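The chain contents come next:
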Amino acid sequence: MNITDPGMDARLSIEIGKRLKKLRLEKGLTQKVLAAKVRDGVDYTYIGKIERGEQLPSLKVLLRISETLSVPIVYFFRDEPDTVVYLDSSAELGFLLRDGKGRELLKTLKLLHPGDIPLIMEIVKILARQKNIEKPEKPKNCGYPADDLLPAAKKDSLFLEK
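The text that follows walks through the structure, step by step, so that each part is easy to find.

Scoring rules and cut-offs
In every chain, residue numbers begin from 1 and rise along the written sequence. The predicted origin of the model limits local features to residues at a pLDDT of at least 70 and limits the giving and counting of side-chain atom pairs to 80 or more, whereas totals for whole chains, interfaces and linings rest on all residues. Each side-chain value is worked out from all heavy atoms of the structure, with water and hydrogens disregarded. Here a strand is any run of E in DSSP of at least two residues, a helix any run of H or I of at least four, and the numbering for each starts at the N terminus. Burial classes follow relative accessibility: with a 1.4 Å probe on protein chains only, a residue under 20% of its type's maximum area counts as buried, one over 50% as exposed, and anything between as partly exposed. Contact criterion: two residues are considered in contact whenever any of their non-hydrogen atoms come within 4.5 Å of each other. Surface accessibility follows the Shrake-Rupley procedure with a 1.4 Å probe radius. Residue values consider only the protein chains on display as shielding. Buried Ala, Val, Leu, Ile, Met, Phe, Trp, Tyr and Cys residues that are joined via side-chain atoms within 4.5 Å together make up what is termed a nonpolar core. Pairing of aromatic side chains here covers Phe, Tyr and the six-membered ring of Trp, requires ring centres within 6.5 Å, and sorts the geometry by plane angle: under 30 degrees stacked, over 60 edge-to-face, intermediate tilted. Only when the NZ atom of a Lys or the CZ atom of an Arg is both within 6 Å of the ring centre and within 35 degrees of the ring normal do we say a charge sits over the ring. Salt bridges are defined by distance alone: a side-chain nitrogen of Lys or Arg within 4 Å of a carboxyl oxygen of Asp or Glu.

1. Observations concerning the overall build of the chain
Right, on to step 1. A count of helices and strands for the chain gives 8 helices and 0 strands.
Right, on to step 2. Expressed as a percentage of the 162 residues in the chain, the buried residues total 22%.
Right, on to step 3. Within the chain, contacts between residues separated by at least 24 positions form 43% of all contacts whose residues are at least 6 apart in sequence.
Right, on to step 4. Carbon together with sulfur atoms contributes 60% to the accessible area of the chain, which is approximately 12700 Å² in total.

Shown next as structure tokens:
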């Protein structure tokens, strides 16, 4: 019994290659730059072979490429890849990825049921509004040297306002 269909492998290689090239160009990357950014590295000629449909990458390599390009790995297999929204992790998620608690939050978010996402978003918005309410107003600087000390002095219980 033949489990793999060589024709299907060829079609899959071509489709993955097209999607990789489209995404790489959207991100403004050359094959060399992309290859250098991929975790554990790949040769830029390998990226070229994938894009031309000459090489079907392993799932392990494709996962590393998808991480580098900040897209879910399903981007390469979906019937409608243009509908996938991807994030530029260096801009939008970079602050979470650099922090241990941020990475923990992202892992926890994976456990959510898709129907819970609107609720989580509303909770985050409420927390952000609350944080903005709690921010003390910056006192207006009147040009006196002591004006810089006012915020610290207001925290002191001995400082009384009229």
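2. Looking at the nonpolar core
Right, on to step 1. Within the largest apolar cluster, 18 residues are counted, with the highest numbers of intra-cluster contacts made by Leu20, Leu34, Val42, Ile47, Ile65, Leu69 and Phe76.
Right, on to step 2. For this core, the secondary structure elements donating two or more residues are helix H1 (6-26), helix H2 (31-37), helix H3 (44-51) and helix H4 (59-68).
Right, on to step 3. With near-sequence residues (within four places) excluded, Leu20 lies in contact with Leu34, Ile47, Ile50, Glu51, Ile65, Leu69 and Phe76.

3. Some thoughts on the side chain of Ser66
Right, on to step 1. Examined against the element boundaries, Ser66 turns out to sit in helix H4.
Right, on to step 2. If we skip the residues at most four places from it in the chain, Ser66 touches Val71, Pro72, Ile73 and Phe76.

4. Quick look at unusual backbone geometry
Right, on to step 1. For Asp40, which is not glycine, the phi torsion reads 65° and is therefore positive.
Right, on to step 2. Structurally, Asp40 can be placed in the loop between H2 and H3.
Right, on to step 3. Taking relative accessible area as the criterion, Asp40 reaches 68% and is therefore assigned exposed.

5. Structural notes on the packing of aromatic side chains
Right, on to step 1. According to the stated counting rule, one finds 1 aromatic pair in the structure shown.
Right, on to step 2. With a centroid separation of 5.4 Å and 90° between ring planes, the pair formed by Tyr75 and Phe76 is classed as edge-to-face.
Right, on to step 3. Judged by relative accessible area, which is 2%, Tyr75 ranks as buried.
Right, on to step 4. Above the plane of the ring of Tyr44 lies Lys32, whose end atom (NZ or CZ) is 5.0 Å from the centre.

6. Notes on the pattern of salt bridges
Right, on to step 1. Tallied over the entire structure, the rule returns 6 salt bridges.
Right, on to step 2. In this structure, Arg24 and Glu51 form a salt bridge, with 2.5 Å as the shortest nitrogen-oxygen distance. Placement of Arg24 in helix H1 and of Glu51 in helix H3 is noted, with a sequence separation of 27 residues between them.
Right, on to step 3. Taking the relative accessible area as the measure of exposure, Glu51 reaches 10% and is therefore buried.

7. Here's the deal with the environment of Val61
Right, on to step 1. Mapped onto the fold, Val61 is located in helix H4.
Right, on to step 2. Sequence-wise, Val61 and Val42 are 19 residues apart; in three dimensions their C-alpha atoms are separated by 8.4 Å.
Right, on to step 3. Aside from chain neighbours lying at most four places away, what touches Val61 is Val42 and Tyr46.

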